[in-house]
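The lines below spell out each chain.
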Amino acid sequence: MNPPLPQQCIGSICFVTNIRLQNKKIENRSSLSRKIHESINEIDDEYIRKIYTNGESFNEFMVKACEEYEKGSKIGVFYFTSWCRFPFYETDLGWGKPMWVGGALRGNRTACFLDTSDGGGIEAWITLFKDEMAKLEQQHGILAYATFKPTL
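Calculation rules
- Residues numbered from 1 in each chain as written.
- Predicted model: local features only at pLDDT ≥ 70, side-chain atom pairs only at ≥ 80, totals over all residues.
- Heavy atoms only, no water.
- Patch = residues over 30% accessible without salt bridge, like charges linked within 9 Å, V, L, I, M, F, W, Y side chains within 5 Å.
- Areas by Shrake-Rupley, 256 points an atom, 1.4 Å probe, with all protein chains shown as cover.
- Salt bridge = Lys/Arg side-chain N within 4 Å of Asp/Glu carboxyl O.
- Helix = DSSP H or I, 4+ residues; strand = E, 2+ residues; numbered from the N terminus.
- Pairing = 2+ DSSP bridges.
- Axes fitted to C-alpha atoms, helices over the stretch in contact; angles between N-to-C directions.
- Phe/Tyr/Trp six-rings, centres within 6.5 Å; stacked < 30°, edge-to-face > 60°.
- Buried < 20%, exposed > 50% of the residue type's maximum accessible area, 1.4 Å probe, protein only.
- 1 Å grid on protein atoms, 1.4 Å probe; cavity = no way out; pocket = protein on both sides within 12 Å on 5 of 7 lines; lining within 4 Å.
- Points joined across faces, edges and corners; volume = space filled by probe spheres on them.
- Nonpolar A, V, L, I, M, F, W, Y, C, P; charged D, E, K, R; others polar.
- Lys, Arg positive; Asp, Glu negative; His and termini not counted.
- Charge placed at Lys NZ, Arg CZ, Asp CG, Glu CD.
- Polar contact = N/O pair within 3.5 Å; in protein donor to acceptor, adjacent residues only side chain to side chain.

Colleague: Could you clarify how one ought to interpret a nonpolar patch on the surface in this entry?
Modeller: On the surface, a cluster of nonpolar side chains totalling about 270 Å² of accessible area is made up of Phe78, Phe80 and Ile126. With respect to the helices, strands and loops of the structure, phenylalanine 80 is situated in strand β1 (residues 79–82).

Colleague: Which parts of the structure should I look at to understand the sheet that holds strand β2 (residues 110–115)?
Modeller: The pairing of strands in a sheet comes from backbone hydrogen bonds and takes either a parallel or an antiparallel form. Pairing is mixed across the open sheet formed by three strands, whose spatial order is β1-β2-β3. Bordering the open sheet on either side are β1 and β3 (122–127), each of which pairs with just one other strand. The sheet shows a mean angle of 15° between the axes of neighbouring strands, taken without regard to direction. With six bridges joining them, β2 and β3 adopt antiparallel strand pairing. Within the sheet, the bridge partner assigned to alanine 111 lies in β3 and is isoleucine 126.

Colleague: Got a minute to help me understand the packing of aromatic side chains in this structure?
Modeller: Each aromatic ring pair is characterised by the separation of its centres together with the angle its planes make. Following the criterion strictly, the structure yields four aromatic pairs and no others. Centroid distance phenylalanine 80 to phenylalanine 113: 4.8 Å. Interplanar angle 85°. Geometry classified as edge-to-face. In this pair, phenylalanine 80 is assigned in strand β1 and phenylalanine 113 in strand β2, connecting sequence segments 33 residues apart. Taking the relative accessible area as the measure of exposure, phenylalanine 113 reaches 28% and is therefore partly exposed. Aromatic pair tryptophan 100 and tryptophan 125: ring centres 5.6 Å apart, planes at 25°, arrangement stacked. In this pair, tryptophan 100 is assigned in the loop between β1 and β2 and tryptophan 125 in strand β3, connecting sequence segments 25 residues apart.

Colleague: Explain empty space enclosed by the protein here, please?
Modeller: Sizing a probe to match a water molecule and rolling it over the atoms shows the empty space that remains. In total, this model carries one cavity of 30 Å³ or more according to the counting rule given. Around the largest cavity sit Trp83, Phe86, Phe88, Tyr89, Val101, Leu114 and Asp115, which together line it. For the lining of the largest cavity, the per-class residue count stands at six nonpolar, no polar and one charged.

Colleague: Could you clarify how one ought to interpret a negative patch on the surface in this entry?
Modeller: A contiguous patch of negative charge on the surface is contributed by Glu38, Glu42, Asp44 and Glu46. Among the structural elements, glutamate 46 can be located in helix α2 (residues 45–54). Judged by relative accessible area, which is 64%, glutamate 46 ranks as exposed.

Colleague: How should the side chain of threonine 127 be read in this particular structure?
Modeller: Among the structural elements, threonine 127 can be located in strand β3. Here the side chain of threonine 127 touches threonine 110 through a polar contact of 2.5 Å, side chain to side chain.

Colleague: Please explain unusual backbone geometry as it appears in this structure.
Modeller: Note: most residues except glycine have negative phi, and most peptide bonds are trans. Positioned with a positive phi, arginine 85 is a non-glycine residue whose angle comes to about 70°. Among the secondary structure elements, arginine 85 is positioned in the loop between β1 and β2. Overall, the relative accessible area of 80% leaves arginine 85 in the exposed class. Positive phi is not limited to glycine here, since arginine 109 has a value of about 60°. Relative to the helices and strands, arginine 109 is located in the loop between β1 and β2. The partly exposed category is assigned to arginine 109, whose relative accessible area is 30%.

Right, dumping it as structure tokens:
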């Protein structure tokens, strides 16, 4: 961060961003990808400092989201994180470097991206409801680039 956080700060910074489609149907994966990319690019030094200096912005965001959900709004939530480029495969905890790295996802509509052990690809750990997963597994655009089998 520029300027760096104070020296007494420790740990990780976690933040939330969102996209709003306002009852619009997603035209294609490219338009959804572009919206997600734009949302992520809004997170900069100023954004993070605003949230972590007083915490009110993050809390306000969560309160508004909960209120909308309670009103019966058709909020669709999909949780996504990327652990790509983290040096997990370089970490030696005393018994050698890991052959494979994974995580645990709970709930539905979540995704976690991780680098493959050889660094040549990305694993996408995705949880969906059964009917949604069945549809995903039939998408030709996905099948051209993905396998639904673990890399081990």
